[in-house]
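# Fold and geometry: a report
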Amino acid sequence: MRMIASHWHDATRLLGSRWVEGVALLFARVALAGVFWRSGRSKVVEGTWLQVSDATRYLFEYEYSSVPLPPAFAAQMATLAEFFLPVLIVLGLATRLSALALLGMTLVIQIFVYPEAWWTVHVIWAALALVLVSRGAGLFSLDAPLALWSRP
């Protein structure tokens, strides 16, 4: 029995290491960023980076009309956020703040746009964002060396 307990302890110590946590957080960052990056790409004119499409303007004007912001402003801000926040998250730069912003976007989408999608989609986005807000970017990020450099 002691042998099993010893192996169990060794396995849990390995799985709880900074390296394994770093890989898990990297996967969480890429997964969350991918969702929002693809959404941002669907909002722009093909072949451009940030030119909001007419279809996006229409969606924000009519389908997403319950969002408590002017539709043109909401469309532009959502597009910008869905481009820049995923880049920051993949790089692991300002990860906690970027994930918090994406959590906020998720909650806006949940409350005002697709309230029926909590258990099918939004809970996963929220969980990934909350992991990144609470744990940070992990070992494989730009936040990691910056944190070491900025320590007193």
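Structure shown above.
Description of the structure in this document. (Residues numbered from 1 in each chain as written. Predicted model: local features only at pLDDT ≥ 70, side-chain atom pairs only at ≥ 80, totals over all residues. Heavy atoms only, no water.)

Grouped together as the largest cluster of nonpolar side chains are 27 residues, with contacts concentrated most on Leu-32, Phe-36, Ile-89, Leu-102 and Leu-132. Looking at this core, the elements with two or more residues in it are α2 (18-42), α4 (71-91), α5 (95-113) and α6 (118-135). Sequence-distant contacts of Leu-32, that is, excluding residues within four places in its chain, are made with Ile-89, Leu-102, Trp-125, Leu-128, Ala-129 and Leu-132. (Core = buried A, V, L, I, M, F, W, Y, C linked by side-chain atoms within 4.5 Å. Buried < 20%, exposed > 50% of the residue type's maximum accessible area, 1.4 Å probe, protein only. Helix = DSSP H or I, 4+ residues; strand = E, 2+ residues; numbered from the N terminus. Contact = heavy atoms within 4.5 Å.)

Taken together, Val-87, Leu-91, Leu-142, Leu-146 and Trp-149 make up a surface patch of nonpolar side chains, about 510 Å² in accessible area. Counting residues per element, the ones that place at least two in the nonpolar patch are α4 and α7 (143-150). Mapped onto the secondary structure, Leu-91 falls in helix α4. For Leu-91, a relative accessible area of 41% puts it in the partly exposed group. (Patch = residues over 30% accessible without salt bridge, like charges linked within 9 Å, V, L, I, M, F, W, Y side chains within 5 Å. Areas by Shrake-Rupley, 256 points an atom, 1.4 Å probe, with all protein chains shown as cover. Salt bridge = Lys/Arg side-chain N within 4 Å of Asp/Glu carboxyl O.)

Positionally, Thr-56 belongs in helix α3 (residues 54-63). Not counting the four nearest positions on each side in its chain, Thr-56 is found in contact with Ser-42, Lys-43 and Ala-75.

Tallied over the full model, the rule gives nine aromatic pairs. Between the aromatic rings of Tyr-58 and Tyr-62, the centroid separation amounts to 4.8 Å while the plane-to-plane angle is 45°, which identifies the pairing as tilted. Highlighted residues: Tyr-58 and Tyr-62, both in helix α3, separated by four residues, approximately one helical turn. Owing to a relative accessible area of 52%, Tyr-58 belongs among the exposed residues under this scheme. Classification of Tyr-62 as exposed rests on a relative accessible area of 53%. With a centroid separation of 6.3 Å and 75° between ring planes, the pair formed by Trp-118 and Trp-119 is classed as edge-to-face. With relative accessibility at 27%, the residue Trp-118 sits in the partly exposed group. Every member of this aromatic cluster is reached through a ring pair, and the members are Trp-37, Trp-49 and Phe-83. (Phe/Tyr/Trp six-rings, centres within 6.5 Å; stacked < 30°, edge-to-face > 60°.)

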